[in-house]
Amino acid sequence: SALVTVERRVDRVELRGRAPLPSVVVDEPAGTWRADVVVGADGEPSRTGRQLGLGRPPRRRSLALEIDVPFAPAVRRDTAILRYAIPGGYGWYLPKGDHANVGVGSYRPSRHGRLREDLGRLAAELDLDLRDGQVRGHWLA
């Protein structure tokens, strides 16, 4: 059996057959294929997990905001930063190939309305300009 690592958009995942050796059927834009094992690294809440009947409905407790930006001028390109200065949460700066991802999150509902300010402060500390990107929000379980 071969190990194949791919990163693709998947439309549907389902189990076929019965334990102890069911197979996984994956539908994607390029077609349908089967595998013995599939790792669904799609974050929380996992669409892959829900399609396979695993896990539970997401609990929307923590909110995070993030944006992809050019690398920070004063940070080495192989350096990740975690800041725990956000009340009830944290901020991050993560290098990702040809850009960086910067974000903030908190589990405190009283902070959710202030996360844009927190993101702006973190970006200013890193000398990042957020005007050219799009801030995305995500609920975290």
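See above for the structure.
This structure is a prediction, so every number in the text was calculated from the model and none was measured. (Residues numbered from 1 in each chain as written. Predicted model: local features only at pLDDT ≥ 70, side-chain atom pairs only at ≥ 80, totals over all residues. Heavy atoms only, no water.)

1. Here we look at the packing of aromatic side chains
Part 1 of the argument: All chains considered together, the criterion is met by two aromatic pairs.
Part 2 of the argument: Residues Tyr84 and Tyr90 carry aromatic rings whose centres are separated by 6.5 Å and whose planes lie at 50° to one another, so their mutual orientation is tilted.
Part 3 of the argument: Judged by its relative accessible area of 32%, Tyr90 falls in the partly exposed class.
Part 4 of the argument: Seen in terms of ring centroids, Tyr90 and Trp92 are 5.7 Å apart; in terms of plane orientation they differ by 45°. Their pairing is tilted. (Phe/Tyr/Trp six-rings, centres within 6.5 Å; stacked < 30°, edge-to-face > 60°. Buried < 20%, exposed > 50% of the residue type's maximum accessible area, 1.4 Å probe, protein only.)

2. Some details on the pattern of salt bridges
Part 1 of the argument: Tallied over the entire structure, the rule returns 10 salt bridges.
Part 2 of the argument: Glu125 is the partner of Arg83 in a salt bridge, and the nearest nitrogen-oxygen pair spans 2.2 Å. In this pair, Arg83 is assigned in strand S5 (residues 81-83) and Glu125 in helix H3 (residues 115-125), connecting sequence segments 42 residues apart.
Part 3 of the argument: Judged by its relative accessible area of 55%, Glu125 falls in the exposed class. (Salt bridge = Lys/Arg side-chain N within 4 Å of Asp/Glu carboxyl O. Helix = DSSP H or I, 4+ residues; strand = E, 2+ residues; numbered from the N terminus.)

3. Focus on the sheet that holds strand S6 (residues 89-96)
Part 1 of the argument: The strand order S5-S6-S7-S4-S8 describes an open sheet built from five strands, whose pairing is antiparallel. Both outer strands of the open sheet, S5 and strand S8 (136-140), are each paired with one neighbouring strand and no more. Sheet twist, expressed as the average angle between the axes of neighbouring strands with direction ignored, equals 20°.
Part 2 of the argument: Bridging between S5 and S6 involves three bridges; their strand directions are antiparallel. Among the inter-strand pairings, Arg83 is bridged to a residue of S6, identified as Gly91.
Part 3 of the argument: Lying on the sheet, H3 is in contact with strand S4 (62-69), S5, S6 and strand S7 (99-106); it crosses S7 at an angle near 140°. (Pairing = 2+ DSSP bridges. Axes fitted to C-alpha atoms, helices over the stretch in contact; angles between N-to-C directions. Contact = heavy atoms within 4.5 Å.)

Nothing here speaks to function; it is geometry throughout.
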